[in-house]
Amino acid sequence: MTDLIVCTALGMEARAVARGLRPRPDLGSDHPRVRVVRIGMGPDRAARAAALLPPAAALAVTGFGGALHDGLRPGDVLVATEVRSGDRVWPCPSAPLLAGELVRAGLPARTGPLVTSPRIVTGRARHALAREGAYAVDMESAPLAAAAGARPFAAVRVIVDTPDAPLLNLATMGGAVAARRTLARIGPVLARWAAATGPRRVLLASPRSFCAGVERAIEIVERALDRFGAPVYVRKQIVHNIHVVRDLERRGAVFVDDLAEVPEGSITVFSAHGVAPAVREEAARRGLRVVDATCPLVAKVHAEARRFAARGDLVVLIGHAGHEEVEGVLGEVPGAGVLVEDEAGVAGLRPGRGVAYLTQTTLAADEAGRVSAAIRRRFPDAEGPRGDDICYATTNRQHAVRAVAAEADLVLVVGSANSSNALRLTEVAARFGHDGAPLARLVDGPGDVALDWLRGARTVGLTAGASTPGAMVDAVVAALGGLGPLEVEELRVTEENVEFTLPKEVRP
Ligand code: 0CM
Ligand code: SF4
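Keep in mind that what you see is a predicted model, and the values were worked out from it rather than measured. One numbering rule holds for all chains: residues counted from 1, following each sequence as written. Note on labels: chains are lettered from A, ligands numbered from 1, in written order. Where totals are concerned, whole chains, interfaces and linings use all residues; where local detail is concerned, this predicted model gives features only for residues with pLDDT of at least 70, and gives and counts side-chain atom pairs only at 80 or more. Side-chain numbers come from the whole structure's heavy atoms, not from hydrogens or water.

## Points about the overall build of the chain
Think of it this way: any DSSP run of H or I at least four residues long counts as a helix, any run of E at least two long counts as a strand, and we number them from the N terminus. When its secondary structure is counted, the chain shows 17 helices and 20 strands. By its C-alpha atoms, the chain is 85 × 55 × 40 Å across when sized along the principal axes. We call a residue buried when its accessible area falls under 20% of the maximum for its residue type, exposed when it is over 50%, and partly exposed in between, using a 1.4 Å probe and counting protein chains only. Counting across all 508 residues of the chain, residues that qualify as buried make up 55%. Excluding contacts between residues fewer than 6 apart, the proportion of contacts in the chain whose partners are at least 24 apart in sequence is 78%. In the form shown here, the chain has an accessible surface area of approximately 21100 Å², with 51% of it arising from carbon and sulfur atoms. The contact criterion used throughout is that any non-hydrogen atoms of two residues lie within 4.5 Å. Areas reported as accessible are Shrake-Rupley estimates using a 1.4 Å probe. Residue values count occlusion only from the protein chains shown.

## Some words on the site of ligand 1
Around ligand 1, the surrounding shell holds 13 residues, and the nearest of these are H240, S419, S420, N421 and S467. Polar contact is defined as a pair of N or O atoms within 3.5 Å, subject to the rule that within protein one atom must be able to donate a hydrogen and the other to accept it, and that residues adjacent in sequence are counted only when both atoms are side-chain atoms. In this structure, S420 approaches ligand 1 through a main-chain N or O atom, which is 2.6 Å from an oxygen atom. Between an oxygen atom of ligand 1 and a side-chain N or O atom of N421, the distance comes to 2.7 Å. Contact with the protein chains hides 96% of the accessible area of ligand 1, taken as 350 Å² for the molecule alone. Buried and open spaces are told apart on a 1 Å grid over the protein atoms alone, a cavity being a set of points where a 1.4 Å probe fits but cannot get out and a pocket being an open set with protein on both sides within 12 Å along at least five of seven lines. Residues with an atom within 4 Å of a point are the lining residues. The rule for placing a molecule in a cavity or pocket is simple: more than half of its atoms must lie within 2 Å of the grid points. Its atoms largely coinciding with the cavity grid, ligand 1 occupies the largest cavity. In this text, near means that some heavy atom of the residue lies within 4 Å of the molecule or strand in question.

## Some remarks on the nonpolar core
Joining through side-chain atoms within 4.5 Å is the link that ties buried Ala, Val, Leu, Ile, Met, Phe, Trp, Tyr and Cys residues into a set, and such a set is a nonpolar core. Counting residues in each nonpolar core, the largest one holds 55 residues, and the members touching the most others are L190, W193 and L454. The biggest single contributor to this core is helix α6 (residues 176-195), with 8 residues. Segment limits for the domains were obtained from an automatic or database-derived domain assignment. Both domains that meet at this core, namely domain 1 (2-196) and domain 2 (200-208 + 392-492), each give it at least three residues. Once residues within four sequence positions are removed from consideration, L454 is found in contact with L97, A196, R200, L410, V449, V460, L480 and L483. Grouped together as the second largest cluster of nonpolar side chains are 29 residues, I218, V234, A253 and I267 included.

## Examining the environment of A479
Turning to its location among the elements, A479 is positioned in helix α17 (residues 470-481). Take A479: its relative accessible area is 0%, and that puts it in the buried class. Not counting residues within four places of it along the chain, the set of residues in contact with A479 comprises P93, S94, P96, L97 and P446.

## Comments concerning the side chain of D313
Inspection of the secondary structure puts D313 in the loop between α10 (296-310) and β14 (314-318). Within the structure, D313 has its side chain in polar contact with the side chain of R311 (distance 2.8 Å). Setting aside anything within four residues of it in sequence, one finds D313 in contact with F308, A336, R353, G354, V355 and A356.

## Thoughts on helix α14 (residues 392-405)
Residues that lie three or four places apart on an α-helix share one face, since the helix turns once every 3.6 residues. End to end, α14 covers 20 Å across 14 residues, agreeing with the expected 20 Å (1.5 Å per residue, within 8%). With 10 of 14 residues buried, α14 lies mostly within the body of the structure. Three or more residues of α14 are buried, namely Y392, A393, T394, N396, R397, Q398, A400, V401, V404 and A405. Helix span, as expected, comes to 1.5 Å for every residue beyond the first.

## So, unusual backbone geometry
The amide bond that connects S206 to the next residue, P207, takes the cis arrangement and shows omega of 5°. Even without being a glycine, S209 presents a positive backbone phi close to 65°. Relative to the assigned elements, S209 resides in the loop between β9 (200-206) and α7 (212-228). Residue S209 is classed as buried on the basis of its relative accessible area of 7%. Even without a glycine there, the phi angle at K236 is positive, about 65°.

## Focus: the sheet that holds strand β19 (residues 459-464)
Strand order in the open sheet formed by 5 strands is β18-β17-β19-β9-β20, and the pairing between neighbours is parallel. The outermost strands of the open sheet, each flanked by one partner alone, are β18 (439-443) and β20 (486-492). Here the average twist between neighbouring strands, direction ignored, is 25°. Only when DSSP finds a minimum of two bridges between them are two strands counted as paired. For β9 and β19, the ladder comprises 4 bridges, and the chain directions are parallel. From the neighbouring strand, R201 faces β19, where its bridge partner is T459. Sheet strands in contact with helix α15 (residues 420-431) are β17 (410-414), β18 and β19, and its direction is about 170° off that of β18. In this fold α17 packs onto β9, β17, β19 and β20, with an angle of close to 160° to the strand it touches most, β19. Every angle, taken between N-to-C directions, lies between 0 and 180 degrees, and every axis is a line fitted to C-alpha atoms, over only the stretch in contact when it is a helix.

## Comments concerning the UniProt feature "active site" (unreviewed entry) in the chain
The UniProt record annotates "active site" (unreviewed entry) at E325. Counting through the fold element by element, E325 comes out in helix α11 (residues 324-332). Beyond its immediate sequence surroundings of up to four residues, E325 is in contact with H273, V298, Q360, T361 and T362. UniProt positions are given in the numbering used here, feature names are shortened, and annotations may be inferred rather than shown by experiment.

## Describing the site of ligand 2
If you check the shell around ligand 2, you find C211, G213, V214, C295, L297, V298, T361, C391, Y392 and A466 and nothing else. According to the grid-proximity analysis, the pocket containing ligand 2 is the largest cavity. Of all the secondary structure elements, the ones that give two or more residues to the shell around ligand 2 are α7 and α10. Residues are grouped as follows: Ala, Val, Leu, Ile, Met, Phe, Trp, Tyr, Cys and Pro are nonpolar; Asp, Glu, Lys and Arg are charged; every other residue, Gly included, is polar. Across the shell around ligand 2, the residue classes break down as 8 nonpolar, 2 polar and no charged.

## Some remarks on the domain arrangement of the chain
Many structure descriptions define interface size as the accessible area lost when the parts assemble. Considered domain by domain, the chain is made up of domain 1 (2-196), domain 2 (200-208 + 392-492), domain 3 (212-296 + 500-506) and domain 4 (310-378). Placing the centre of domain 2 and that of domain 4 at their C-alpha centroids yields a distance of 30 Å. Each of two parts loses accessible area, computed with a 1.4 Å probe, when they are put together; buried area is these two losses added. Taken together, the two surfaces of domain 2 and domain 4 that pack against each other cover about 700 Å², and 43% of this comes from carbon and sulfur. For the domain 2 face of the interface with domain 4, the top three residues by lost area are S420, R424 and R431, together amounting to 54%. What counts as a salt bridge is simple: a side-chain nitrogen of Lys or Arg found within 4 Å of a carboxyl oxygen of Asp or Glu. Our count for the domain 2 to domain 4 interface comes out at 2 salt bridges. In this structure, R431 and E367 form a salt bridge, with 3.3 Å as the shortest nitrogen-oxygen distance. Taken together, domain 2 and domain 4 are joined by 7 residue pairs in polar contact (both at pLDDT 80 or more). Of all elements in the fold, only α14 and α15 reach the threshold of two or more residues within the side of domain 2 that touches domain 4.

Here it is as structure tokens:
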């Protein structure tokens, strides 16, 4: 059976796509069998051709299309999130995966609804379609989406005209050469998409996503916005996740790197990662009205650092240079603290006094354990934290991802690249995979998932950092569901029921 049939309306579109579909040596015997079929123009011809298509595992339609959305310009590529015709809608859940891959291939791709019209639409009719929320219009996708049934389906259009400058004659189309070149580059991406299709199992690690400290920090900003009104200034990212930050920005939060950017007297939230006393002093000097979203478990490490320094010890902090939590904790003990990132760093310590050690809250437990053991070997009297500084959420998410990695071909960790705990989940997953390391990747959302990772990955482990919204995990699952039948299972290693109280400034 053919793996993928790519349908186009016009011969020139079919030739352009076929030109880009020369065999890829790197895919070897995995190279999908792709056929390009010209189906003719308009929904009736497309429907007749669809009924005659040979069997294929996946179906795609591509070619030129007309923009409806203001943000689409000629040369852009629209990947349909759904295809509409009349009152029928065919969802295309794998659109974010395909669009992300097109962007990585250098094409200006975006996602949005596509409407199939029975005729060429211009003037008021076209503006009316735009008002219904569709991003682009074509004349063939709907019958093919219907013919695809439960099989993976994709519709990808290269924009050739806009409502204000509609194209009346394809033969005289400006930018035709560029549009055909774009189609040639879409071909191999569709082949990669087809190679990634097939049934698979998703193993959801549990616990994953938001911890109590992150929930509290986000709630503090939301409540500050409600109580004091926008703008509410936040020093640094409230938590290390781009979706959380963008969402709060939309609601009136203003994120700054430096307190100097905050107008005097303004409401200012300190992020979950904590601040050095010097930052608090600066805020007080400038008359800022501070609401502190430092996680109580980070605040505990600050308190331990102060206690150890007060009795004259050198405070060794195990952590990663440049991280805000590390800057905050070391800022508590000026002249009495030192950062150690690994075992080699322990060998370089010259304390000349008693030694105590602490850790960043979001380290990999196995790695941090090796560094603290090295400290104790070198300084047998060294005192560590009362409990464990690595917080419950970090620990639980690492246990869960280890369990998932043991069964997975690929582990996707959803989180932002500056999130320490999400990065550690990726490393832990890679270390604890079955038969050596499974492929473990950090992604901010479905658009970051490279299709080549999914080829042959029948069991995909999925988790998310403590600062990642659960909705981003749902988005990845939904996108994977567009590649074929999906069995979703949750592997829960423990329950979490931690809750923290809010600071008095925003308490109900
Ligand atoms: O410390 P990390 O970089 O993991 O922060 P995050 O914002 O991603 O996660 C929550 C926290 C804290 C402190
Ligand atoms: Fe607090 Fe841990 Fe969450 Fe960081 S990851 S905010 S330390 S609970």
